[in-house]
Amino acid sequence: MSSKIKVLVCPSDRSGVGAWRSIWPAQQLKRNHSDEIEVHLDFSPDVNNIDYLSKFDIIHFHRLLGPYEGSEKLFKELQRRGVKMVMDIDDYWLPPPTHHLHALVLAEKMHEKIENNLRLADWVTTTTEIFAEEIRKFNENVFVIPNAINREESMWASESVENQSGK
């Protein structure tokens with residue numbers, strides 16, 4: 001039986017937030033701690049397969065794991081089985097009235113659903129201490145992991161080219 005900590009990382013997407021907050025950190029864990037941690041990436045985990053999900057010691061997800069409406073039942077069952085639920089959030093969940101999505105967020109009660117997940121999670125990871133203070137209103141177990149770029153990624157590899165136009 002393996003004594004490694006089994007972590008399931010569920011990125012929200014393959015670029016942007018998914019890369020910065022989930023994929024790259026998971027890859028770094030694999031590189032630096034593979035003797036202690038077994039990391040699995042799953043972009044669309046079957047949230048109805050509790051046996052699969054409960055094989056992990058930790059599940060790290062961005063904002064949601066499956067439909068919001070099923071979060072309470074899913075989280076409590078996984079926690080009952082010893083799985084630690086770690087929610088990552090990188091942005092405030094209730095945009096101001098000047099934001100183009102404000103009315104939609106209110107109409108769909110997205111802010112309430114996200115706040116519920118914050119309460120349900122065992123731990124929350126976020127980007128800044130200022131944001132962590134907002135999250136602590138719902139969950140005291142907050143850990144700040146600042147955004148950072150991985151300069152080894154191809155998107156950051158470029159050579160400067162002299163401007164020949166004179167503009």
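A brief look at the structure comes next.

**A look at unusual backbone geometry**
- Unusually for a residue other than glycine, Arg63 sits at a positive phi of about 65°.
- Despite not being glycine, Lys109 has its phi angle at roughly 55°, a positive value.
- Within the secondary structure, Lys109 is located in the loop between α4 (102-107) and α5 (110-120).

**Quick notes on helix α1 (residues 17-33)**
- Across its 17 residues, α1 extends 23 Å between first and last C-alpha, which sits within 8% of the 24 Å expected from 1.5 Å per residue.
- Maximum bend of α1: about 30°, positioned at Ile23, with proline Pro25 one to four residues after it.
- Within α1 the residues assigned to the buried category are Gly18, Ala19, Arg21, Ser22, Ile23, Trp24 and Ala26.
- On its buried face, α1 is in contact with β1 (5-10), β2 (37-41), β3 (58-62), β4 (84-88) and β5 (123-126).

**Examining α5**
- Listed as buried for α5 are His111, Ile114, Glu115, Asn117, Leu118 and Leu120.
- Tucked inside the fold, the buried residues of α5 contact α3 (71-80), β4, α4, β5 and α6 (129-135).

**Some thoughts on the side chain of Thr125**
- With respect to the helices and strands, the residue Thr125 is situated in strand β5.
- In this structure Thr125 touches Arg21, His60, Val86, Met87, Asp88, Ile89, Phe143 and Ile145, once residues within four positions along its chain are discounted.

**Examining the pairing of β3**
- With four of five residues buried, β3 is to be regarded as a mostly interior element.
- Both β1 and β3 contribute to a ladder of four bridges, which runs parallel. What sits directly across from Val7, in β3, is Ile58.
- Bridge count for β3 against β4 is five bridges, and the pairing is parallel. Pairing of His62 across the sheet is with Asp88, part of β4.
- The β-α-β motif built from β3, the intervening α3 and the parallel element β4 has right-handed crossover chirality.

**Some words on the sheet that holds β2**
- If you walk across this open sheet you meet the six strands as β2-β1-β3-β4-β5-β6, and the pairing is parallel. Among the strands making up the open sheet, the edge pair consists of β2 and β6 (142-144). For this sheet, the mean inter-axis angle between neighbouring strands, taken without regard to orientation, is 20°.
- Contacts between α1 and the sheet are confined to β1, β2, β3, β4 and β5, with β2 contributing the most and set at about 150° to the helix.

The rules behind the values
Residues numbered from 1 in each chain as written. Predicted model: local features only at pLDDT ≥ 70, side-chain atom pairs only at ≥ 80, totals over all residues. Heavy atoms only, no water. Helix = DSSP H or I, 4+ residues; strand = E, 2+ residues; numbered from the N terminus. Expected span 1.5 Å × (residues − 1). Bend = angle between axes of the 7 residues up to and from the residue. Buried < 20%, exposed > 50% of the residue type's maximum accessible area, 1.4 Å probe, protein only. Contact = heavy atoms within 4.5 Å. Pairing = 2+ DSSP bridges. Right-handed = clockwise from strand over helix to strand, strands pointing away. Axes fitted to C-alpha atoms, helices over the stretch in contact; angles between N-to-C directions.

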